[in-house]
Each structure stands twice: as structure tokens, then as C-alpha cells.
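Overview (structure and organization)
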Amino acid sequence: MAMIGAHDVARETFEKEFSSRYPDEANTVLQESRDQTAKAEAKIAEYDTKDVDAVTEHLFCIMLLNRGSKYIEHLVSCGLLSEKEGQAALEKTEKLSEKLESDSKHD
């Protein structure tokens, strides 16, 4: 799904930047991107939606925990959290990450 999103963004940018200067080449690249996206969508459609949802939720949780860790580090660097407070918060985040990883191995 990330690849599909990346292709969508890339196609839009590529079309703006290169379609007028290199129309034939741009059309070829854009069509290849659409073809790859269609293949990915067809493959995803083969999976049980519950599995796709579970994987999506798992990845989303990982992203949130990573973003939270970076934000905690930012708060420490700005002096809004002490080193001790930041370390405690990062340890909680790490425990949550470990639990998420452990839970995913049992599913």
C-alpha cells in the first residue's frame, strides 16, 4: 500500500516536471507506474481484508511509537523535559514497542 501511495505522489510530481519537456518518455514512465500500481492493487485484493487491516494497524502503531520517541527526544533537547523524564518516557515507549513486536509474533 505504501508503494501505491508513493507511485501516486511520484506520478503527480513527475507529470508536472517532465511531461511538457519529454512527452513521449514521460508517458512511458507514467504508464509503467500505473501498471505497477495496478499489479499491486490486484495483489492486495487477493488478501483477506482482515489481514490487510491487521498489518496496516501494526505498521501505524510502529510509526506512532517512532514519532513519539523522536518527539520526546525533541522535548529533552529543548529543555521541556529533563534527561531523567525523557529517559523514563523513552523506556515506556520501548516497552510498548517490545509488546507490539511480541504480540505480532503470536498472531
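A few points on the structure. (Residues numbered from 1 in each chain as written. Predicted model: local features only at pLDDT ≥ 70, side-chain atom pairs only at ≥ 80, totals over all residues. Heavy atoms only, no water.)

**Concerning the overall build of the chain**
- Along its length, the chain carries 4 helices and 0 strands.
- If you list the helices and strands of the chain from N to C, you get α-α-α-α.
- Against the globule reference of 13 Å for 107 residues, the chain gives a C-alpha radius of gyration of 21 Å, more extended than a compact globule.
- Across its three principal directions, the C-alpha atoms of the chain cover 60 × 40 × 15 Å.
- Residue pairs at least 24 apart in sequence account for 50% of intrachain contacts in the chain once pairs closer than 6 positions are excluded.
- As presented, the chain carries roughly 8600 Å² of accessible surface, and 57% of it is formed by carbon and sulfur atoms.
- In the chain, the 14 positive side-chain charges and the 23 negative ones have mean positions that sit 3 Å from each other. (Helix = DSSP H or I, 4+ residues; strand = E, 2+ residues; numbered from the N terminus. Rg over C-alpha atoms; globule rule 2.2 N^0.38 Å. Contact = heavy atoms within 4.5 Å. Areas by Shrake-Rupley, 256 points an atom, 1.4 Å probe, with all protein chains shown as cover. Lys, Arg positive; Asp, Glu negative; His and termini not counted. Charge placed at Lys NZ, Arg CZ, Asp CG, Glu CD.)

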